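# Structural overview for review
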Amino acid sequence: MLCLSCIFLWLVAGERIKGFNISDCPTKKILWMYSARSEEEFVLFCDFPEPQKSHSSHKCQPSLTQTPEPLPCGGREDLADVRWYLQPQNGDPLKEITKGYPYIIQENSSLRFSAPEMSITGSYICRPGIRSPQDVACCVRTVLEVKPQTNTSCKDVSHKQDLRFGSLGQIHCPSLSCQDDAQSPEVTWYKDGKLLSDKRSSPILVDEVFKCDEGTYVCDHTRSDNASTWTVRAVVQVRAIGWGEESRGSEIDDAGEREFRGPRPFTGKWPESDCTAQGEQDTLEVELGKPLTLNCTARFGFEKNFQPVLKWYIKDSDLEREVTLPKGKSIKSTPDGDIVQLAFPLEKVTQTHLRSKFVCFAQNSIGNTTRSIQLTLKKGVVLLFILLGTVAGLASVLAGSALLYWYWIEIVLFYRTYRSKDETLGDKKEFDAFISYAKWSSFESETTSSLTEEHLALNLFPEVLENKYGYTLCLLERDVAPGGAYAEDIVSIIKKSRRGIFILSPSYVSGPSVFELQAAVNLALADRTLKLILIKFCPFPEPESLPHLVRKALRVLPIVTWRGLKSVTPSSRFWTQMRYHMPVKTSKGLT
């Protein structure tokens, strides 16, 4: 399918080319004499013969009394729809000029050549786009020959010429620089593709320069040799410029050269009037994490060989490094000079950028200057960051405090395991803890669960605290021989213990076992190594008969709550709290 399309396009293109006879086209010979020392452009017009038009005013105002005259080739009102063809000098077949041709650009009805190349020598044929049968035979043939300028005695006439606003100006034809002044050939001038019928010599005299005098001028003159006659063509780019600032010495010297100004850089969007000082610094408010583009913009005065230098530097502390960026681009030409801009894009602003200084450097043949910019956070952003930081800090403190409060016991136990000393050494005590509970509990007969006070005291405490963690416990039924005085045995055992564990229940606080708690409280007041631990086995009301000293102890002593089946496993929080209140003891079991 692709091959068929290509064949179809080839046939269509061939039919378009065969639609006219080249020999019937009027022929004009054009010679391009280019200088290897300068950058030149060249222009070919599609010169359909037209009736002579009336002269227009030089002041670039259209004539209101001029009547439009019909153009040939079908009465076309414009020549924008024009096709160009090239027949190379080597005899290759005729080809239509498209966008793929290097150095050749079609602009409306004209061809613009951006660089002199010997390969562009040949015959160029133009004709209107076919719209009616009478257009078929309408065409113009231009034979172009390109030659380098070899005469070294030629005057250096620039292809880029400047005129000053409001003054007398002259536009010279560069191709006449190698002609003898005595010959003074007649010159045909064009401006932006339009014939200047009233201009027949070189230079063109401009009484008073206006902005509309700028443009692309083309000058033609005839040169003959023994073989044939050629039209020598040259292109001149004319620019209208201002006088500049009188205070900066923009004067015309004896040689006719202008004293050019140095560069004036400014970055960002600052007023241009504030950008004349050397080494000024400005600040720019930014937001962290957002993309940013810094624009280094400099105004340069006019120079004959305009080669501006524009760079970005980043200065950190005492180190300065250049940023590799594409070449700056000209964004505007003004009567006072050209404005060139170099963009420095940042993907996102970071804290490092806030600590750095960005320096814009501009230089031309007269001198150089710099302007720096410091990035700062926007005020609203700073307040927001402070507020968010404060809230985050408070939240972190509260969260840390909650975690510390909840896991304080685990932290203390971890510290004890590796750092604390054994407090049982040298205290001459026999037991780590004495366990007291209600021996005759009416509550036991009422419960159907096996988790009674007696089961907790006689089974679970020995299993966890003795067997798992290595503590030595004293149980009255197990470790005290019967037959002694009850009160004396209780006091003796408590004195030999480092801790007293009391399992509180309604039966305990209302029965005779509360005597053991009362005795322990009296002994603890005199022995600071004795500490008491209360276990709230189940809720209970305080009876009126409860001794005052015991009632006060219930308010100040540490209480660990038993939570039934949840507290049975050794890894539960109940046993963790019990270990926290037990004496610090280094043993194989504890480790």
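Structure: see above.
To start, this report covers the structure provided alongside it. (Residues numbered from 1 in each chain as written. Predicted model: local features only at pLDDT ≥ 70, side-chain atom pairs only at ≥ 80, totals over all residues. Heavy atoms only, no water.)

## Some remarks on the state of the cysteines
Taken as a whole and assessed by the stated rule, the structure comprises four disulfides. Here Cys 25 connects covalently by a disulfide to Cys 139, the sulfurs 1.8 Å from one another. When the S-S torsion is -100 degrees, as for the bridge of Cys 25 with Cys 139, the disulfide is left-handed. One end of the pair, Cys 25, is in the loop between α1 (2-18) and β1 (27-34); the other, Cys 139, is in the loop between β7 (122-128) and β8 (140-148), and 114 residues separate them in sequence. The class for Cys 25 is buried, based on a relative accessible area of 5%. Across the disulfide from Cys 46 sits Cys 126; the S-S distance is 2.0 Å. Disulfide Cys 46-Cys 126: the torsion about the S-S bond is 90 degrees, which places it as right-handed. Of the two residues, Cys 46 is situated in the loop between β2 (42-45) and α2 (72-75) and Cys 126 in strand β7; the sequence distance between them amounts to 80 residues. (Disulfide = S-S within 2.5 Å. Helix = DSSP H or I, 4+ residues; strand = E, 2+ residues; numbered from the N terminus. Buried < 20%, exposed > 50% of the residue type's maximum accessible area, 1.4 Å probe, protein only.)

## A short note on the pairing of strand β5 (residues 104-107)
Here β5 runs beside strand β6 (residues 110-113); their pairing, made up of four bridges, is antiparallel. Directly across from Glu 107, in β6, lies its bridge partner Ser 110. Hairpin remark: β5 followed by β6, antiparallel, with two residues in the connecting loop; positive phi at Asn 108, about 55 degrees. (Pairing = 2+ DSSP bridges.)

## Some remarks on the nonpolar core
Across soluble globular proteins, nonpolar side chains have a tendency to be buried as a group. Counting residues in hydrophobic clusters, the biggest one holds 27 residues, and the most contacted among them are Ile 494, Phe 502, Leu 504 and Leu 517. Those elements that provide at least two residues to this core are α9 (486-495), β27 (499-504), α10 (506-510), α11 (514-526), β28 (531-536) and α12 (548-556). Residue contributions to this core peak at six residues, all from α11. The residues contacting Phe 502, other than those within four sequence positions of it, are Ser 436, Tyr 508, Glu 516, Leu 517, Ala 520, Leu 532, Ile 533, Leu 534 and Ile 535. In this structure, Val 464, Leu 473, Ile 533 and Met 582 belong to the second largest nonpolar core, which totals 25 residues. (Core = buried A, V, L, I, M, F, W, Y, C linked by side-chain atoms within 4.5 Å. Contact = heavy atoms within 4.5 Å.)

## Concerning the environment of Leu 375
Mapped onto the elements, Leu 375 comes out in strand β24 (residues 368-377). For the pair formed by Leu 375 and Leu 284, sequence separation is 91 residues and the distance between their alpha carbons is 5.0 Å.

## Description of unusual backbone geometry
Here the amide bond leading from Ser 202 into Pro 203 is cis, since omega sits at 5 degrees, within 30 degrees of zero. Structurally, Pro 203 can be placed in the loop between β12 (194-196) and β13 (204-206). A positive phi angle, close to 50 degrees, is found at Asp 192, a residue other than glycine.

## Considering the packing of α9 against α11
Interhelical geometry of α9 versus α11 gives an angle of 45 degrees and a closest axis separation of 10 Å. Our classification of the angle between α9 and α11 gives oblique. Helix-helix and strand crossings are classified by hand; for α9 and α11 the assignment is right-handed. Side by side, α9 and α11 meet where Tyr 486, Ala 487, Ile 490, Val 491, Ile 494 and Lys 495 of the first sit next to Phe 515, Glu 516, Ala 519, Ala 520 and Leu 523 of the second. Residue composition of the contact of α9 with α11, by class: nine nonpolar, no polar and two charged. (Axes fitted to C-alpha atoms, helices over the stretch in contact; angles between N-to-C directions. Parallel < 35°, antiparallel > 145°, perpendicular 65-115°, else oblique. Left-handed = near helix turned anticlockwise from the far one by under 90°. Nonpolar A, V, L, I, M, F, W, Y, C, P; charged D, E, K, R; others polar.)

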